[in-house]
Amino acid sequence: MGSINNYSVVLDFLSFFPYEINRSDMCKFQYFSFQIPQLFIPCIVLNLSILREAKMIESFSKMPKIFEATKSTMIVLDDVVSALKQIKDSSIDLIFSDPPYNIGKDFNGIKDKKDNEAYIAWCKVWIDQCMRILKPNGTMYFMTATQFMPFLDVFAQGKYHVLSRIVWTYDSSGVQAKGNFGSLYEPILRITHSKKTKVTFNAEDILVEAKTGAVRGLIDYRKDPPRPYNTKKVPGNVWEIPRVRFKMDEYESHPSQKPEALLERIILASSNEGEIVLDPFGGTFSTSATAQRLNRKSISIELNEDFYKIGLRRLGLKETFNGEKLVKEKPRKTNNKSKMPIVTGK
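Residues numbered from 1 in each chain as written. Predicted model: local features only at pLDDT ≥ 70, side-chain atom pairs only at ≥ 80, totals over all residues. Heavy atoms only, no water.

Chemist: I tried to follow the overall build of the protein chain on my own but got confused; where do I start?
Modeler: Broken down by element type, the protein chain carries ten helices and 19 strands. The proportion of buried residues among the 346 residues of the protein chain is 45%. By sequence separation, contacts in the protein chain at least 24 residues apart represent 63% of the contacts at least 6 residues apart. Total accessible area computed for the protein chain in this model is approximately 18400 Å², and 51% of it derives from carbon and sulfur atoms. (Helix = DSSP H or I, 4+ residues; strand = E, 2+ residues; numbered from the N terminus. Buried < 20%, exposed > 50% of the residue type's maximum accessible area, 1.4 Å probe, protein only. Contact = heavy atoms within 4.5 Å. Areas by Shrake-Rupley, 256 points an atom, 1.4 Å probe, with all protein chains shown as cover.)

Dropping the structure here:
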């Protein structure tokens, strides 16, 4: 925390803040942030005028306490529900949400396991908050464990409109199942506000190879005159995309990283350049990294400080955090002593 030396930046900030403040009173304060503690402005903020120019600041009714941003990318260190409540209604174009699955994974010392009913109730809270801030023509994709998705699917059907039920499938890795069928997929629900909503769907941007035409070279004799089948098609709702592996450049130290290829299809299909993509559970910030590459603006929220630091580094927002140099770490995954940790400056 610290004072803000740029007085004009403080005034710009106040124009977007929800509290009633008499600007003439500002002259009385030598240190704004110390005199009004409930309006603490962290010195981690680069420059609020940057966000104003990018118009992302207009999405917030109350600015978060700890965040970092450029003109196109913003990441927030906060609890998901608390941060979502600070965002204005109908201000986000696309949301991708990949919450903890409540299956006991270890998120840097925090066990992802609570009572099943409590987990489902918590999911409903952040889903409702996400739908509140989603624009009238926006789309939301969210994931969870296979055993919980049916409950959230029924919930979404009752309040919103389900557009697609997607299966993300991948090859197995690590320990293979021997006494049961291995789990090789994760569900994704795609929803919007109502059946009448006209959502963005850029079919031409996500075409994939059509094996009937591209590989087999078959002729469609139903046409007059007959002609080859199309070599490209819109993907179905079963997406075969590899998981992130240890040796991949995009790999980060996180228990549930999603591949950029998955996010690329979602972002290309359901948003346009310059629009805002929100990820309520930043994790390794694959959503923001993909949005950057595809010329979208992005806002990502993350509760865990260690994962927040991944976002700072991966998105090129900062090189240090609280005096710590941010480097990419790939810790050893096995007990084999020949496999030592890998540390790079990426």
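Text resumes after the structure shown.
Chemist: Where do I start with the packing of helix 8 (residues 260-270) against helix 9 (residues 286-293) in this structure?
Modeler: Axis angle and axis distance: for two packed helices, these are the angle between their axes and the distance between the axes, and together they describe the pair. Running from N to C, helix 8 and helix 9 cross one another at 60 degrees; their axes reach a closest spacing of 9 Å. Between helix 8 and helix 9, the angle is such that the two are oblique. Handedness of the crossing formed by helix 8 with helix 9: right-handed. Contacts between helix 8 and helix 9 involve E260, L263, E264 and I267 from the former and S286, T287, A289, T290, A291 and R293 from the latter. Within the contact of helix 8 with helix 9, the residues separate by chemical class into four nonpolar, three polar and three charged. (Axes fitted to C-alpha atoms, helices over the stretch in contact; angles between N-to-C directions. Parallel < 35°, antiparallel > 145°, perpendicular 65-115°, else oblique. Left-handed = near helix turned anticlockwise from the far one by under 90°. Nonpolar A, V, L, I, M, F, W, Y, C, P; charged D, E, K, R; others polar.)

Chemist: Any chance you could explain the side chain of T144 here in plain terms?
Modeler: Position of T144 among the secondary structure elements: in the loop between strand 6 (134-143) and helix 6 (149-159). A residue is classified by how much of its surface remains accessible, and T144, at 0% relative accessible area, is buried. Polar side-chain contacts of T144 include one of 2.8 Å to the side chain of Y119. Once residues lying within four places of it in the same chain are set aside, the contact partners of T144 are Y101, Y119, M149, L152 and P187. (Polar contact = N/O pair within 3.5 Å; in protein donor to acceptor, adjacent residues only side chain to side chain.)

Chemist: What exactly am I supposed to notice about the sheet that holds strand 15 (residues 297-302) here?
Modeler: Hydrogen bonds along the backbone pair up the strands of a sheet, which may run parallel or antiparallel. The strand order across the open sheet formed by nine strands is 1-2-15-14-3-6-8-7-13, and the pairing between neighbours is mixed. The outermost strands of the open sheet, each flanked by one partner alone, are strand 1 (67-69) and strand 13 (238-240). Across this sheet, the average inter-strand angle for adjacent strands is 15 degrees, counted without regard to direction. Sheet topology note: the strand 6/strand 8 (residues 185-192) ladder contains four bridges and is antiparallel. Opposite Y141, over in strand 8, you have R190 as the bridge partner. (Pairing = 2+ DSSP bridges.)

Chemist: Sorry if this is basic, but what is going on with the confidence of the model for the protein chain here?
Modeler: Low pLDDT means the predicted atomic positions in that stretch should not be read closely. In this model, the protein chain carries a mean pLDDT of 81, and residues with pLDDT of at least 70 account for 78%. Segment residues 1-47 is flagged for pLDDT under 50; beyond a separation of four residues in sequence, or across chains, it makes 64 contacts in the model. In the predicted structure, residues 334-342 sits below a pLDDT of 50 and forms ten contacts with residues beyond four places in sequence or in another chain. (pLDDT = per-residue confidence, 0-100.)

Chemist: Is there a simple way to explain empty space enclosed by the protein in this structure?
Modeler: Taking a probe equal in size to a water molecule and rolling it over the atoms shows the remaining empty space. Tallying each qualifying case throughout the model produces two cavities of 30 Å³ or more. Put simply, the largest cavity is a space of about 50 Å³. Classifying every residue of the lining of the largest cavity gives five nonpolar, one polar and two charged. (1 Å grid on protein atoms, 1.4 Å probe; cavity = no way out; pocket = protein on both sides within 12 Å on 5 of 7 lines; lining within 4 Å. Points joined across faces, edges and corners; volume = space filled by probe spheres on them.)

Chemist: Sorry, what's going on with the layout of surface pockets here?
Modeler: Here the second largest pocket defines a volume of roughly 600 Å³. If you go around the second largest pocket, you meet 33 residues; those closest to its centre are P100, F107, W122, F281 and E302. Broken down by secondary-structure element, the contributors of at least two residues to the lining of the second largest pocket are strand 5 (110-111), helix 5 (116-133), helix 9 and strand 15. By residue class, the composition of the lining of the second largest pocket is 14 nonpolar, nine polar and ten charged.

Chemist: What should I look at first to understand the packing of helix 5 against helix 6 in this one?
Modeler: As a packed pair, helix 5 and helix 6 sit with axes 11 Å apart at the nearest point and diverge in direction by 40 degrees. Between helix 5 and helix 6, the crossing angle belongs to the class labelled oblique. Along this stretch, helix 5 crosses helix 6, giving a crossing that reads as right-handed. Residue-level inspection shows I120, C123, K124, I127 and D128 of helix 5 in contact with helix 6, the latter providing F151, L152, F155 and K159. Its residues placed into classes, the contact of helix 5 with helix 6 shows six nonpolar, no polar and three charged.

Chemist: I'm lost on a nonpolar patch on the surface in this one. Help?
Modeler: A grouping of F201, L207 and V234 is seen on the molecular surface, where their side chains present a nonpolar patch of about 220 Å² in accessible area. Structurally, F201 can be placed in the loop between strand 8 and strand 9 (208-209). For F201, a relative accessible area of 40% puts it in the partly exposed group. (Patch = residues over 30% accessible without salt bridge, like charges linked within 9 Å, V, L, I, M, F, W, Y side chains within 5 Å. Salt bridge = Lys/Arg side-chain N within 4 Å of Asp/Glu carboxyl O.)

Chemist: I keep staring at the pairing of strand 7 (residues 161-169) and nothing clicks. Help me out?
Modeler: The two faces of the sheet receive side chains in turn, since in a regular strand these alternate between them. Sheet analysis places strand 7 next to strand 8, joined by eight bridges and oriented antiparallel. Bridged to S164 within strand 8 is R190. Where strand 7 meets strand 13, three bridges bridge the pair, whose relative direction is parallel. Residue pairing in the sheet places T169 in a bridge with E240 of strand 13.

Chemist: Would you explain the side chain of K328 in this entry?
Modeler: Along the polypeptide, K328 turns up in strand 18 (residues 328-330). Put simply, K328 is tucked away with no salt bridge, and the nearest opposite charge, on E252, sits 4.0 Å away. A distance of 2.4 Å separates a polar atom in the side chain of K328 from the backbone oxygen of D249. (Lys, Arg positive; Asp, Glu negative; His and termini not counted.)

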